[in-house]
Amino acid sequence: MAAMVPVVLALVAAAPVRIGYVVELPAEATRNDIDATMSAIVDARHGVELLTRTVFDASEARTCGADVECLARELRYDEVDLVAIVVGAPVGDGVRIVSRLLDTRRAEIVARDARTGRPPLDDAFRASIEQLLDVHRIPRLGRLTIAPALADARVLVEDDANASVAVGFGPHVLPPGRYRVRATREDHEPFTSDVDVTGGDEARVDLRFAPVEPGWYASPWFWVVTAGVVVGGALVGVAVASSGGDRCVCIGRDPMQCPPPC
């Protein structure tokens, strides 16, 4: 039988769910580094993180056999909550992978998976771990991208409680849920859009800014003079002026008393 290579990763203590696992596969069966593969899988999940732990001796788990309480006791390191135990054995020209997810506190197997793959086992190994996490309902993260990435636009992403969760165009990695995208741009109307982010998928919001319509007084060097406005019982004139961005309203008995631009 080919030499076995044990690998263990554990979740950092600050994470909501502390998860670790033991991987024991034929040495020639995998092409990529187990640690990197596992990190990539868990990084795409909500509420879990991994910390590499290579000092654990997988033989301790083998001595327990099918005794779940023994496994829970032997694998309860760093107050880990869950441990994925992945074991592979050659079967013909393939490898049989058997995976179990152990709840160390309850001493209970909460998810199982079994499949056969051909070396290298990268795809089969990844699929088996994904299945364990899906069965235990550890949600996948989703991605949100806002486009186009305009240099003069500001973007804010809020959750359903109106709390800010991200800024900029992304892609943002977010838990599944509904989000509101708010964007502003000079001389344009504000943009708002609601979007649903689904675990394992990518959502996209396309920004559409409408230019701000100029006011009735905005044209440069535009003058309007109106007579016949009654203010305090007296007939007065009104002048509205705009010149190079300097706007004003002038009220007087004689509109000509208002020098440009007022």
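Per chain, residue numbering runs from 1 following the sequence as it is written. Residues qualify for local features only when their pLDDT is at least 70, as the model is predicted, and side-chain atom pairs are given and counted only at 80 or more; totals for whole chains, interfaces and linings, by contrast, use all residues. Side-chain numbers come from the whole structure's heavy atoms, not from hydrogens or water.

1. Here we look at the sheet that holds strand β8 (residues 142–147)
When DSSP finds at least two bridges between two strands, those strands are taken to pair. Going along the chain from the N terminus, every DSSP run of H or I of four or more residues is numbered as a helix, and every run of E of two or more is numbered as a strand. Spatial ordering of the open sheet is given by β11-β8-β14, a layout of three strands whose pairing is mixed. At either margin of the open sheet sits one strand with a lone partner, and together these are β11 (172–174) and β14 (202–206). With strand direction ignored, the average angle separating the axes of adjacent strands in the sheet is 25°. Here β8 runs beside β11; their pairing, made up of three bridges, is antiparallel. Looking at the pairing, Arg143 lines up with Val173 of β11. All axes are obtained by fitting lines to C-alpha atoms, using only the stretch in contact for helices, and the reported angles, taken between N-to-C directions, cover 0 to 180 degrees.

2. Points about unusual backbone geometry
Leaving glycine aside, a negative phi is the common case for residues, and trans is the common case for peptide bonds. The residue after Pro119, namely Pro120, is reached through a cis peptide bond having omega -5°. Between Ala147 and Pro148 the backbone carries a cis peptide bond, its omega angle lying at -5°. Looking at the secondary structure, you find Pro148 in the loop between β8 and β9 (153–158). Of note, the phi angle at Asn162 is positive, near 65°, even though the residue is not glycine. Note on placement: Asn162 falls in the loop between β9 and β10 (164–167).

3. Here we look at the pattern of salt bridges
For this document, the term salt bridge refers to a Lys or Arg side-chain nitrogen within 4 Å of an Asp or Glu carboxyl oxygen. Under the defined criterion, the tally for this structure stands at 15 salt bridges. The closest approach of N and O atoms between Arg45 and Asp134, which form a salt bridge, is 2.8 Å. Of the two residues, Arg45 is situated in the loop between α1 (34–43) and β3 (48–49) and Asp134 in helix α4 (residues 122–135); the sequence distance between them amounts to 89 residues. Between Glu108 and Arg106 there is a salt bridge, and its shortest N-O distance comes to 2.7 Å.

4. Structural notes on the confidence of the model for the chain
Each residue carries a pLDDT score, the predictor's confidence in it, ranging from 0 to 100. Residue-level pLDDT values for the chain average 79, and 71% of them are 70 or greater. Within the model, the stretch residues 1–15 combines pLDDT values under 50 with 58 contacts to residues more than four positions away or in other chains. The contact criterion used throughout is that any non-hydrogen atoms of two residues lie within 4.5 Å. Every residue in residues 238–245 is under pLDDT 50, and counting partners more than four places away or in other chains gives 40 contacts.

5. A few points about the nonpolar core
In terms of nonpolar packing, the biggest core is built from 25 residues, with Ile19, Val23, Met38, Ile97, Leu101, Phe125 and Ile129 touching the most fellow members. We define a nonpolar core as any set of buried Ala, Val, Leu, Ile, Met, Phe, Trp, Tyr and Cys residues linked to one another through side-chain atoms lying within 4.5 Å. Here the term buried applies to any residue with accessible area under 20% of the maximum for its type, exposed to any over 50%, and partly exposed to those in between, with areas from a 1.4 Å probe on protein chains only. Ranked by size, the runner-up nonpolar core spans 18 residues in total, among them Leu144, Val155, Ala166 and Phe191.

6. Let's talk about the pairing of β8
With five of six residues buried, β8 lies mostly within the body of the structure. Where β8 lies against β14, five bridges are found, and the strand directions are parallel. By the bridge assignment for β14, Leu144 is matched with Ala203.

7. Things to note about the pairing of β10
Of the strand pairs in this sheet, β9 and β10 are connected by three bridges, and their pairing is antiparallel. The residue of β10 that forms the bridge with Glu158 is Ser164.

8. Looking at the sheet that holds strand β13 (residues 191–197)
The strand order across the open sheet built from four strands is β10-β9-β12-β13, with neighbouring strands paired in antiparallel fashion. Two strands lie at the open edges of the sheet, namely β10 and β13, each paired on one side alone. When strand polarity is set aside, the average angle formed by the axes of neighbouring strands in this sheet is 25°. Pairing geometry for β9 and strand β12 (residues 177–185), over six bridges, is antiparallel. Across the sheet, the residue bridging to Arg154 is Thr184, located in β12.

9. A closer look at the environment of Glu189
Structurally, the position occupied by Glu189 is in the loop between β12 and β13. Judged by its relative accessible area of 39%, Glu189 falls in the partly exposed class. Residues Glu189 and Glu213 lie 24 residues apart in sequence; the distance between their C-alpha atoms is 9.0 Å. Excluding residues that lie within four positions of it along the chain, Glu189 makes contacts with Phe209, Ala210, Pro211 and Val212.

10. Topic: the side chain of Thr104
Tracing the chain through its elements places Thr104 in the loop between β6 (94–103) and β7 (108–117). Thr104 gets classed as buried once you look at its relative accessible area, which sits at 0%. Separated by 2.6 Å, the side chain of Thr104 and the backbone oxygen of Val80 make a polar contact. Throughout this description, a polar contact denotes any pair of N or O atoms lying within 3.5 Å of each other; where both atoms belong to protein, one of them has to be capable of donating a hydrogen while the other can accept it, and for residues adjacent in sequence the pair is counted only when both atoms sit in side chains.

11. What to know about the environment of Gly200
With respect to the element layout, Gly200 can be found in the loop between β13 and β14. Look at Gly200 and you get exposed, because its relative accessible area is 52%. Separated by 58 residues in sequence, Gly200 and Gly142 have C-alpha atoms that sit 5.1 Å apart. With near-sequence residues (within four places) excluded, Gly200 lies in contact with Arg140, Leu141 and Gly142.

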